[in-house]
Amino acid sequence: MDHKNLANETIDDARARSIADGVHRVLDGIAEAESRSGRKAGSVRLLAATKTRDVGEIMAAIDAGVHMIGENRPQEVDAKAAGLTRLCMERGYALGTAADAQRHDLVPLPFHLIGQLQSNKINKVLPYVTDIESVDHLSLAQKIAKRAEARGITVGVLLEVNESGEESKSGCDPDEAVDLAADVAALPGLELRGLMTIGAHVDDEATIRRGFAHLRETRDTLLASGDASLAQARELSMGMTHDMAYAIEEGSTIVRVGTAIFGERAFI
Ligand SMILES: *Cc1c(COP(=O)(O)O)cnc(C)c1O
């Protein structure tokens, strides 16, 4: 299965229909959770987590109402970007950094990197992605800033925080998040747009919610600091297929959903 051609653009009608059904179910779930928690309709954006999915599958999701995508691996960004950019343009969307190309007739469609980034892969993703959600230490942020400055661009970043404390997870220590966020936001070439976390891998609802609530409190601390470089740090990227409703009730502004749209992954 790791020989799947990620640049493939053609999928059959049944597959396209099942992806569209997935998108509609997730959008309905978002709307219900917004309304249940007294939040304004449209305050939570859906990011389709597209790892292991090919260009045809991703375009089916976009055709069904997805307006933001996120990839985990630089190699997958590289393999799919050309096809996605062209097909998006045909539909009136400017994917990722294509939105900077002075095409005001196109609607921007943000392209995020949501997986861990090795510093030697930064230049592989910067031609395409608008935001890097997985920044969790200052040295990585400094390297991204340097590459962004060399290209004359501003890259959006989210600070990833390991709220669950699970060893397998990336993300900075929650106790260091406020100071680190300020240091990252001060770098030229970057704009700190918010915080990201992956929910605790447990069944206990209270534990999962506690992590999300703490991320929200951290974001509120940043915004209340009065530091001008933190004024754009509004986003809370939290919630996936299994904990999306909790995350929305705890204040999420971006949910990253893969399985509920595309089905189970056949490979990691
Ligand atoms: C895969 C992935 C998701 C989506 O997970 P699902 O459980 O398939 O919805 C979200 N965020 C990150 C960082 C991921 O790697």
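Because the structure is predicted, anything quoted here is derived from the model rather than measured.

1. A few points about the nonpolar core
Among the nonpolar cores identified, the biggest contains 69 residues, and Ile 69, Ile 132, Leu 192 and Ile 261 are the most heavily contacted of them. Sequence-distant contacts of Ile 69, that is, excluding residues within four places in its chain, are made with Leu 47, Ala 48, Thr 50, Ile 58, Ile 62, Leu 84, Leu 95, Leu 109, Pro 110, Phe 111 and His 112. One finds Leu 47, Ala 49, Met 68 and Ile 254 within the second-largest nonpolar core, a separate group that totals 5 residues.

2. Side note on the environment of Val 66
Inspection of the secondary structure assignment puts Val 66 in the loop between helix 2 (55-63) and strand 2 (69-71). Measuring from C-alpha to C-alpha, the distance between Val 66 and Ala 20 comes to 9.5 Å, with 46 residues separating the pair along the chain. What Val 66 contacts, discounting residues up to four positions off in sequence, is Val 23, Leu 46, Ala 48, Ala 61, Leu 109 and Ile 261.

3. Looking at helix 7 (residues 205-224)
The end-to-end C-alpha distance of helix 7, which contains 20 residues, comes to 28 Å, matching closely the 28 Å that a straight helix rising 1.5 Å per residue would cover. Within helix 7 the residues assigned to the buried category are Ile 208, Arg 209, Gly 211, Phe 212, Ala 213, Leu 215, Thr 218, Arg 219 and Leu 222. Buried residues in helix 7 make contact with helix 6 (177-185), strand 8 (190-196), strand 9 (235-237) and helix 8 (244-249). Downstream of helix 7 by a residue or two, Gly 226 has a phi angle that is positive, lying close to 80 degrees.

4. Considering the UniProt feature "modified residue: N6-(pyridoxal phosphate)lysine" (unreviewed entry) in the chain
Taken from the UniProt record, the annotation "modified residue: N6-(pyridoxal phosphate)lysine" (unreviewed entry) applies to Lys 51. Inspection of the secondary structure assignment puts Lys 51 in the loop between strand 1 (45-49) and helix 2. Classification of Lys 51 by relative accessible area gives buried; the value is 17%.

5. Focus: the pattern of salt bridges
Summed over all chains, the structure comprises 17 salt bridges. A salt bridge links Arg 45 to Glu 235, with the nearest nitrogen and oxygen atoms 2.9 Å apart. Residue Arg 45 is located in strand 1, and its partner Glu 235 is located in strand 9; the two are separated by 190 residues in the primary sequence. With a closest N to O distance of 2.9 Å, Glu 76 and Arg 73 form a salt bridge. For Glu 76, a relative accessible area of 5% corresponds to the buried category.

Rules used throughout
Residues numbered from 1 in each chain as written. Predicted model: local features only at pLDDT ≥ 70, side-chain atom pairs only at ≥ 80, totals over all residues. Heavy atoms only, no water. Core = buried A, V, L, I, M, F, W, Y, C linked by side-chain atoms within 4.5 Å. Buried < 20%, exposed > 50% of the residue type's maximum accessible area, 1.4 Å probe, protein only. Contact = heavy atoms within 4.5 Å. Helix = DSSP H or I, 4+ residues; strand = E, 2+ residues; numbered from the N terminus. Expected span 1.5 Å × (residues − 1). UniProt positions renumbered as here; feature names shortened; annotations may be inferred. Salt bridge = Lys/Arg side-chain N within 4 Å of Asp/Glu carboxyl O.

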